[in-house]
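Next come the chains, spelled out residue by residue.
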Amino acid sequence: MTTENTTRDVITRAVRPSEDTEGILSKASECRGLDRNEIEALVSLKDGRDIERLFETAQEVRDRMFGNRISVYGFVYFSTHCRNSCAFCYYRQTNTGLPRYRKTREEVVSLSCDLEDAGVNLVDLTMGEDPVMYADGYAGLIDMISSVNEAVDVAIMASPGALPPEVFPRIREAGADWYACYQETHNRELFQRMRLDQDYDFRLSQKAWARSAGLLTEEGMLTGIGDTAKDRADSILEMGELGCQQIRAMTFVPQCGTPMQDRRPTDSLSERMAMAVMRLAYPDRLIPASLDVEGTDGLASRIDAGANIITSIVPPHLNLAGVAQHDLDIDNGHRSVQHIIEMLDGMGRKVSTNNEYKSMIEARRPKA
Ligand code: SF4
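In this text, all values refer to a predicted model and were calculated from it rather than measured experimentally.

*Asks:* What's the story with the confidence of the model for the chain in this structure? I'm lost.
*Replies:* Caution applies to low-pLDDT parts of the model: their predicted coordinates are not meant to be read in detail. The share of residues in the chain with pLDDT of 70 or more is 90%, and the mean pLDDT across the chain is 92. Note that pLDDT drops below 50 for residues 1-15; the model gives that stretch five contacts with residues more than four away or on any other chain.

*Asks:* What's the story with the side chain of Thr 258 in this structure? I'm lost.
*Replies:* Among the secondary structure elements, Thr 258 is positioned in the loop between β6 (246-251) and α11 (269-281). We classify Thr 258 as buried; its relative accessible area is 5%. Looking at Thr 258, its side chain comes within polar contact range of the main-chain oxygen of Gln 255, at 2.7 Å. Ignoring anything within four residues of it in the chain, the contact list for Thr 258 reads Ala 87, Cys 89, Tyr 90, Arg 92 and Asn 95.

*Asks:* Looking at this model, I keep getting lost on the site of the ligand. Mind explaining?
*Replies:* Inspection of the region around the ligand gives Cys 82, Asn 84, Cys 86, Phe 88, Cys 89, Arg 92, Gly 128 and Arg 195 as its neighbouring residues. When the residues that make up the shell around the ligand are grouped by side-chain class, the tally is four nonpolar, two polar and two charged.

*Asks:* Explain the pairing of strand β3 (residues 155-159) to me, please; I cannot follow it from the model alone.
*Replies:* Remember that side chains alternate between the two faces of the sheet whenever the strand is regular. Counting buried positions along β3 yields five of five residues, so the element is predominantly enclosed. Side chains Ala 155, Met 157 and Ser 159 of β3 all project onto a buried face; the interleaved residues Ile 156 and Ala 158 project onto the opposite face, where all are buried too. Pairing analysis gives five bridges linking strand β2 (residues 122-127) to β3, with the strands arranged parallel. Residue pairing in the sheet places Leu 122 in a bridge with Ala 155 of β3. Following the chain from β2 across helix α6 (residues 131-151) to the adjacent parallel β3, one finds a crossover that is right-handed. Here β3 runs beside strand β4 (residues 178-180); their pairing, made up of two bridges, is parallel. Within β4, the position partnered with Met 157 by the bridge is Trp 178.

*Asks:* Could you clarify how one ought to interpret helix α3 (residues 36-43) in this entry?
*Replies:* Residue pairs three or four apart in sequence face the same way in an α-helix, which turns once every 3.6 residues. Along α3, the positions that sit buried rather than exposed are Glu 38, Ile 39, Leu 42 and Val 43. When α3 is viewed along its axis, its buried side chains cluster within an angular range of 130° and face the same direction. In this fold, the buried residues of α3 make contact with α2 (19-29), α4 (48-66), α10 (229-241) and α11. The backbone nitrogen of Asn 37 lies 3.1 Å from a side-chain oxygen of the residue at the head of α3, namely Asp 35.

*Asks:* Is there a simple way to explain the packing of α2 against α3 in this structure?
*Replies:* Two quantities define a packed helix pair, namely the angle between the axes and the distance from one axis to the other. Relative to each other, α2 and α3 sit at 120°, their axes nearing to 11 Å. The pairing of α2 with α3 is recorded here as oblique in orientation. Of the two possible hands of crossing, α2 and α3 adopt the one that is left-handed. Where α2 abuts α3, its residues Thr 21, Ile 24, Leu 25 and Lys 27 lie against Glu 38, Ala 41 and Leu 42. Class assignment of the residues belonging to the contact of α2 with α3 gives a composition of four nonpolar, one polar and two charged.

Definitions and limits used
- Residues numbered from 1 in each chain as written.
- Predicted model: local features only at pLDDT ≥ 70, side-chain atom pairs only at ≥ 80, totals over all residues.
- Heavy atoms only, no water.
- pLDDT = per-residue confidence, 0-100.
- Contact = heavy atoms within 4.5 Å.
- Helix = DSSP H or I, 4+ residues; strand = E, 2+ residues; numbered from the N terminus.
- Buried < 20%, exposed > 50% of the residue type's maximum accessible area, 1.4 Å probe, protein only.
- Polar contact = N/O pair within 3.5 Å; in protein donor to acceptor, adjacent residues only side chain to side chain.
- Near = heavy atom within 4 Å.
- Nonpolar A, V, L, I, M, F, W, Y, C, P; charged D, E, K, R; others polar.
- Pairing = 2+ DSSP bridges.
- Right-handed = clockwise from strand over helix to strand, strands pointing away.
- Arc of directions from axis to C-beta.
- Axes fitted to C-alpha atoms, helices over the stretch in contact; angles between N-to-C directions.
- Parallel < 35°, antiparallel > 145°, perpendicular 65-115°, else oblique.
- Left-handed = near helix turned anticlockwise from the far one by under 90°.

Now the structure itself:
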């Protein structure tokens, strides 16, 4: 063996993933799906070379499905009032003394129009489980969605918390395209410790009720809350089997004034690995990169994990909050549409046109 060959062998070995991982990734790259054991094997990877190949394969599959297009969602968190006390959430009811707000219909319409003008593909109307918006048979919520729908020509996502089944047809009729509701974990015992005094099955059923009403649905999981690799694999499988067209992972960020405020924060690796495995297990699903965890500093690494959507774009100087990071990168303008478009340009990617985005969701929209 020549010195040249020996050197090449060493280099080849240095970048090759293990044979088991390569076998799973090569199956995934042909979009042949993944079984439970394979999903758990991928979310459990420890070796840096294996993880790098996981991300590369997720990018290849995403680019094959969606080309170089990335869709962008504007975020209007219009009420930070909530009747619940989720253990991880800054806006839990028992976190008293916070500055909270409830935007008026006129403010929300105006914000939505600004986001449309700036070039988003979708406006996400998010609120806590605000008793004022739920009053009179959810009149405030329905009115908010229909007012925004009359004013904008982009898609609308409603993220209003857990609702009774009869409300979903009204949400759809008011003009919402999507309904988002995150379980955060599909481990029932962990769920009870996160979403205190809430019903696991009621929350899980939301997605089925929404789909029956003709709404596209989004489901999500949280990493860094004491979840194991098995929990993450279970969540990926459950979210896929629920038939949600958009699935996501986000890293828990400790929040002041909550029971989890002293938890040691984790890095985002488990979140990004979960995203990459979702991409391989369910190649055609929409998978967001959220700006709500690490701001724009975390954008490129999430695109590299196979995301095809950017969420939590928030206009600066309008006193709007994020969810996981209520002020990160907002007032410096880094979460503005313009800044995100420039960042995507730098990555050789383009924002979807509204027609492209609309065709993508029409192809996935469930029948009522
Ligand atoms: S996560 Fe949502 S439902 Fe839970 S306390 Fe926060 S705003 Fe309320």
